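Observations on the model geometry
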Number of protein chains: 2
Amino acid sequence: MASQNSVTDMSPKITGELLRQLRQAMRNCKYFAEPIQAYIVPSGDAHQSEYIAPCDCRREFICGFNGSAGTAIVTEQHAAMWTDGRYFLQASQQMDNNWTLMKMGLKETPSQEDWLISILPENSRVGVDPWIIAADQWKNMSKALISAGHSLVAVQDNLIDAVWTDRPERPSTQLRTLGLEYTGISWQDKITALRTKMTERKITWFVATALDEIAWLFNLRGADIEYNPVFFAYTIIGMNTIRLFVDLKRLSEPALRDHLQLDSPSKPELSVQTFPYESVYTELQAVCAALGPKDKVWICDKASCALTRVIPKGHRTPIPYTPLCLAKAVKNATEIQGMKMAHIKDAVALCELFAWLEKEIPKGTVTEISAADKAEELRSQQKEFVGLSFPTISSVGPNGAIIHYRPLPETNRTLTMNEVYLIDSGAQYVDGTTDVTRTMHFGTPSAFEKECFTYVLKGHIAVSAAIFPNGTKGHLLDSFARAALWESGLDYLHGTGHGVGCFLNVHEGPCGISYKTFADEPLEAGMIVSDEPGYYEDGSFGIRIENVVLVVPAKPKYNYRNRGSLTFEPLTLVPIQVKMMNTELLTQKERDWVNEYHRKCREVVGAELERQGRKEALEWLMRETQPIV
Amino acid sequence: MASQNSVTDMSPKITGELLRQLRQAMRNCKYFAEPIQAYIVPSGDAHQSEYIAPCDCRREFICGFNGSAGTAIVTEQHAAMWTDGRYFLQASQQMDNNWTLMKMGLKETPSQEDWLISILPENSRVGVDPWIIAADQWKNMSKALISAGHSLVAVQDNLIDAVWTDRPERPSTQLRTLGLEYTGISWQDKITALRTKMTERKITWFVATALDEIAWLFNLRGADIEYNPVFFAYTIIGMNTIRLFVDLKRLSEPALRDHLQLDSPSKPELSVQTFPYESVYTELQAVCAALGPKDKVWICDKASCALTRVIPKGHRTPIPYTPLCLAKAVKNATEIQGMKMAHIKDAVALCELFAWLEKEIPKGTVTEISAADKAEELRSQQKEFVGLSFPTISSVGPNGAIIHYRPLPETNRTLTMNEVYLIDSGAQYVDGTTDVTRTMHFGTPSAFEKECFTYVLKGHIAVSAAIFPNGTKGHLLDSFARAALWESGLDYLHGTGHGVGCFLNVHEGPCGISYKTFADEPLEAGMIVSDEPGYYEDGSFGIRIENVVLVVPAKPKYNYRNRGSLTFEPLTLVPIQVKMMNTELLTQKERDWVNEYHRKCREVVGAELERQGRKEALEWLMRETQPIV
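Computed from a prediction, not measured in an experiment: that's the story for all the values here.

**Regarding the overall build of chain A**
Counting its secondary structure elements, chain A contains 19 helices and 28 strands. By the compact-globule yardstick of 25 Å for 629 residues, chain A fits well, its C-alpha radius of gyration being 25 Å. A principal-axis box enclosing the C-alpha atoms of chain A has dimensions of 75 × 60 × 50 Å. For chain A, restricting intrachain contacts to residue pairs at least 6 apart in sequence, the fraction spanning at least 24 positions comes to 72%. Carbon and sulfur atoms make up 52% of the accessible area of chain A, which totals about 24200 Å². Between the averaged position of the 65 positive side-chain charges in chain A and that of its 76 negative side-chain charges there is a distance of 5 Å.

In structure tokens, the structure reads:
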């Protein structure tokens, strides 16, 4: 349930002068032959990243709204911003009245295309930066505009940048090399495996634009985007060449040059040619100019329109998920071991946190913010801690019902014995990434709070304990998480789980557990996803129980058509608060699951707490993991 | 689990001479300016019907394979036929060695496009009858061929018909009018409701091509296609005009002319203009020639390429489901009442059948075919019986594991006390359509048979008793039907449910319960679907438990965001054999469900059996509905 830019400022940004300047740029022939009548400002960066660097927060810059999802469109007369239900309140507070908020999902809200068509003069030109619009989005938008007599125009110079005088620099943080003890596979072997897949599908070139795929491929990490250990780069892989596009200043360090074998490649086909980050466009043009008649180039259909369109249509093979995305999702034994270690360390920190909260809350001095800070402090004491994997959601009572809440000084509530506390947090360790949510009560929960918690727990267990055939897609498990809530007329309006990277992005494709997707890839042993059903009672409390779980083979009684079966093994090992459960609503099977889970927490995390000499946390763990009957 | 053309003949059709003639036609300039190098023969008719009339069985005619799904492609050198896993055996038996069987779903099997591209000489022309290929299929095929330098050509004269000398006539059966007592809404009110939807979406014309939609709209039924009470027709609805295209000879009967108000329409905009069936093309051309610049025409994206392409692209608004399809799916109170009555009559016939089987099987004289015949005979004694709704699947032991089995003299097995018997059958009554599967053992089932039956029953109950929010799509319930099987490593390789028409097609869109779909429409109160999980042990037995169920509002304890909840009410009221259950594997809730279901069977069907004086069946019903503990 991570989201990068949770609320930070709730007063509207004054945008009148900015809009005047932007509209001037829209009319300025320096940028194009003819003026444009509308300019689209999407959320993303040139890599279609979910989390973005400050220099890429263009939509926030122009309208003031800093939620994770939204698209602004400015015309001569209008300025409108589309976002979804999570952000209606926040967007209306952060934008001044130059802006119209377009509430997506409401029946009366027009789509961007329909709105443009309804207000534009005939034969209008709509501009967009082709680097920050994905190829598939461009296609849909362009089609709609053309059918109404308009056109979509690629504006190479970003018009927001033209008016953004104090725009931050693109980050260029130090790169970290990861050895085999963390990755399990050398980047050379990853390249070879990729080329095998290319050969199988008769593909001659592959263009990677997703930052986490590039980081994974080269066994490198950066810190260019907060919470995401990635770095700005592109790569173009041929059957005999490897082109890496990155700020060349970053490659001076000997260890790094050694890792990439920049000065003495083992084999010519594993020689990495490095180029400036910005030269990817011209280099890809050069590659494409030399394509043979049968040469095919793989590129993700979510890659930028700019790069996609460099590849001539007849040579372009767009794919919904790249082979790197798929390979990265299936963790190898080393990565799994690392993820397990990271989760044990993370559990140590959380056990300490909860033991501390239990002691401190009665004093009335702990707030949402100080609890989040304490969690970070405790995590940072663990070995190989790098940073948080997303901003901590630390929420009390009614704040817990705001799904993407992040505590701010003006919303900060004190933790008490009377309200439910929800904390959704995670960290990056060099050996793995964590993401865990626990919901606790430090006094006496109400019967309704317990009832809802128990339904959520039943859903969590239903997914975690599910056995399903090999080849099953995650979305087919989503309803298991909801059945108990549905039976009582309740539900939650988010997906149930997302893929989790290994010392990489806390959200990654191509698998997940959500009713919203259909084109997800089947779950495979070695994939790692979150299991996080919830329930949110507006104005009152929020409940979510989240573990990160590993897909593992299962051995049920029969084996229909030799397909084999899968199930999940929890990597997260943090007690689930028994006080919040109405155990009478649990079946015997569910009670057994809770007891077995808590036994494992004791065994594994208990041993580590012991080793680290964290006595109070150990006592807390032992108390919280008493079997239920 | 209905399928029209189950096996009827298992010896291969001799096709050498036919193929020679077809290839001659492909080179014959009578049909086109230049010869074509390949000819595609899809399965369907011009209405994209699932079941087709004998005159439309062109793919069967050319290759011999008569399964419900398959596409034949003939080139100068090759003849190949694609079908799916249900039909590999049957197709290989029915086709001679002029044909290559293309097993869809296997990794090594090329798609039709890839195969064509791999064997065609450069710049080839591939022909297809544009009336029997859907617009969306045309688009995909055409795109693939063009990208490889070939082209897809619409051949107006069907080349199969050119070589099919004894092709049957298109049926033109007597039309039946349905009064308000069956339909609940007059066709005039249906037209008015349709026009309201057209106005809402700014649509000026609507072209209906699906036969069941046209039958539903005009409250008429025919018998042109076996098992489907439909008739060959098209209709074009404007805001002030209604054009009906049908064999005009059918419209001479006074009652029919009266029903359609052909001689004295009440209002000009409700005046039905009738045209010959064949003139739809030229009439649609005339309509399109007179379109205003803003006029939009609705047509289903599954309609024929021929009709779709008459509508100029700028005026064409393709839709995945037509408003008639959606309106037809939500049954009104009169239709629901009719469906309930039909299911009671159907249950009477089945109770009689099972009582008779119990008595006759020990004599060793009952076969799959004679049991199916008996079922039809008993159904035909019920009021307003019209015919079967699909060919009865009556299968014993290993035959039960063949999902689309239909008994033939050479496969016909005798029902015994030693094997599981599966019967999937249904009928058309004037007031409704039925479809029910029961699996029974007339001796002592094995522990494994009972175990599997019980998992299937658990899945059936999980769907039937599910409570879910308004707006939920049926595919989200599919996994509920599988969870118990999955837990033991078992599964079934078909969907869980399909929409059911009211005295219409036994399969209808746009709702259903299947992991295979995603674009289904949300379930709504009044929709009717089947709930039919199964388990098939190859070479041994088949199990399926199928009820037709009605979507009804549910009233759980809470009502999150006022969305309201739904659940299912079984319309099928035929006992589920307790002897096949391992009741120890059932939860208390599941036992309660079985007992409540059987109580309702007793109450409702018992009363009707009593009324009809069918004593033996009543005794059987009372015995079979004893509560379980």
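**So, the interface of chain B and chain A**
Chain B puts 34 residues into the contact, and the matching count from chain A is 34 residues. Between chain B and chain A, the buried area comes to about 3100 Å², and carbon and sulfur atoms account for 60% of it. For the interface between chain B and chain A, the tally reads eight salt bridges. Counting across the interface, chain B meets chain A through 16 residue pairs in polar contact (both at pLDDT 80 or more). Elements with a minimum of two residues in the side of chain B that touches chain A: helix H16 (447-464), strand S21 (468-469), helix H17 (478-487) and strand S25 (534-537) of chain B. In terms of residue count, the dominant contributor to the side of chain B that touches chain A is H17 of chain B (five residues).

**Details of the sheet that holds strand S2 (residues 71-75) of chain A**
All names here are of chain A. One open sheet holds the six strands; their spatial order is S4-S3-S2-S1-S5-S6, and the pairing between them is mixed. Of all the strands in the sheet, the pair left with one neighbour each is strand S4 (100-103) and strand S6 (151-154). Across the sheet, the mean angle from the axis of one strand to that of its neighbour is 25°, orientation sign disregarded. Examined bridge by bridge, strand S3 (residues 79-83) and S4 share four bridges and lie parallel to one another. Residue pairing for S4: Trp-82 is matched across the bridge by Met-102. Taken strand by strand, helix H1 (residues 16-27) contacts strand S1 (38-41), S2 and S3, and its axis lies near 70° from that of S2. The sheet contacts of helix H4 (residues 112-119) involve S1, S2, S3, S4 and strand S5 (125-128), and relative to S2 the element is tilted by about 5°.

**Focus: the UniProt feature "domain: Creatinase N-terminal" (unreviewed entry) in chain A**
When the UniProt feature table is mapped to this numbering, "domain: Creatinase N-terminal" (unreviewed entry) covers residues 36-156 of chain A. Counted over residues 36-156 of chain A, helix gives 28% and strand 21%. Its end C-alpha atoms are 13 Å apart.

**Regarding the relation of the copies chain B and chain A**
Superposing chain B onto chain A requires a rotation of 180° together with a translation of 0.0 Å along the rotation axis, leaving an RMSD of 0.0 Å. A rotation of that kind, with that shift, is consistent with a two-fold axis. Same-surface contact between copies: 100% of interface residues of chain B are shared with the interface of chain A.

**Observations concerning the packing of helix H16 (residues 447-464) of chain A against helix H18 (residues 588-612) of chain A**
Residues and elements named next belong to chain A. Two numbers describe how H16 lies on H18: the axes approach to 11 Å, and their chain directions differ by 80°. For the element pair H16 / H18, the angle class is roughly perpendicular. The residues of H18 that touch H16, namely those facing Leu-457, Lys-458, His-460, Ile-461 and Ser-464, are Glu-590, Trp-593 and Val-594. In terms of residue class, the contact of H16 with H18 is built from four nonpolar, two polar and two charged.

**Things to note about the environment of Thr-183 of chain A**
Residue and element names in this part refer to chain A. Note that Thr-183 resides in helix H7 (residues 180-183). Sequence spacing of Thr-183 and Thr-334 is 151 residues, and the spatial spacing of their C-alpha atoms is 6.3 Å. Residues in contact with Thr-183, not counting those within four places in the same chain, are Leu-178, Lys-190, Asn-219, Asn-332, Thr-334 and Glu-335.

**Focus on helix H11 (residues 280-289) of chain B**
Residue and element names in this part refer to chain B. If you check which residues of H11 are buried, you get Val-280, Glu-283, Leu-284, Val-287 and Cys-288. The buried residues of H11 occupy one face: seen down the axis, they fall within an arc of 140°. Residues of H11 that are buried make contact with strand S8 (205-208), strand S10 (234-238), strand S11 (242-245), strand S12 (272-275) and helix H12 (305-308).

**Thoughts on the packing of aromatic side chains**
Applying the stated criterion across every chain yields a total of 41 aromatic pairs over all chains. Aromatic side chains Phe-206 of chain B and Trp-298 of chain B sit 6.5 Å apart centroid to centroid with 85° between the ring planes, which places their arrangement in the edge-to-face category. With Phe-206 of chain B in strand S8 and Trp-298 of chain B in strand S13 (residues 297-300), the pair connects residues that are 92 residues apart, well separated along the chain. Three or more aromatic residues joined by ring pairs form one cluster here, namely Trp-131, Phe-232, Tyr-234, Tyr-277 and Tyr-281 of chain A.

**Re helix H15 (residues 368-380) of chain A**
For H15 of chain A, which comprises 13 residues, the first-to-last C-alpha distance of 18 Å matches the rise-based estimate of 18 Å (1.5 Å per residue) to within 8%. For H15 of chain A, the elements touching its buried residues are helix H14 (333-360), strand S15 (385-388), strand S16 (393-396), strand S17 (420-425), strand S18 (427-429) and strand S20 (436-441) of chain A.

**Re the pattern of salt bridges**
Throughout the structure, instances matching the rule amount to 75 salt bridges over all chains. Between Arg-86 of chain B and Asp-84 of chain B there is a salt bridge, with the nearest N and O atoms lying 2.9 Å from each other. Relative accessible area serves as the criterion here: at 41%, Arg-86 of chain B is assigned to the partly exposed category. In this structure, a network of salt bridges that share partners links the residues Asp-56, Arg-58, Asp-161, Arg-167 and Arg-170 of chain A.

Quick notes on the rules
- Residues numbered from 1 in each chain as written.
- Chains lettered and ligands numbered in written order.
- Predicted model: local features only at pLDDT ≥ 70, side-chain atom pairs only at ≥ 80, totals over all residues.
- Heavy atoms only, no water.
- Helix = DSSP H or I, 4+ residues; strand = E, 2+ residues; numbered from the N terminus.
- Rg over C-alpha atoms; globule rule 2.2 N^0.38 Å.
- Contact = heavy atoms within 4.5 Å.
- Areas by Shrake-Rupley, 256 points an atom, 1.4 Å probe, with all protein chains shown as cover.
- Lys, Arg positive; Asp, Glu negative; His and termini not counted.
- Charge placed at Lys NZ, Arg CZ, Asp CG, Glu CD.
- Buried area = accessible area lost by both parts, 1.4 Å probe.
- Salt bridge = Lys/Arg side-chain N within 4 Å of Asp/Glu carboxyl O.
- Polar contact = N/O pair within 3.5 Å; in protein donor to acceptor, adjacent residues only side chain to side chain.
- Pairing = 2+ DSSP bridges.
- Axes fitted to C-alpha atoms, helices over the stretch in contact; angles between N-to-C directions.
- UniProt positions renumbered as here; feature names shortened; annotations may be inferred.
- Least-squares fit on C-alpha atoms with pLDDT ≥ 70 in both.
- Parallel < 35°, antiparallel > 145°, perpendicular 65-115°, else oblique.
- Nonpolar A, V, L, I, M, F, W, Y, C, P; charged D, E, K, R; others polar.
- Buried < 20%, exposed > 50% of the residue type's maximum accessible area, 1.4 Å probe, protein only.
- Arc of directions from axis to C-beta.
- Phe/Tyr/Trp six-rings, centres within 6.5 Å; stacked < 30°, edge-to-face > 60°.
- Expected span 1.5 Å × (residues − 1).

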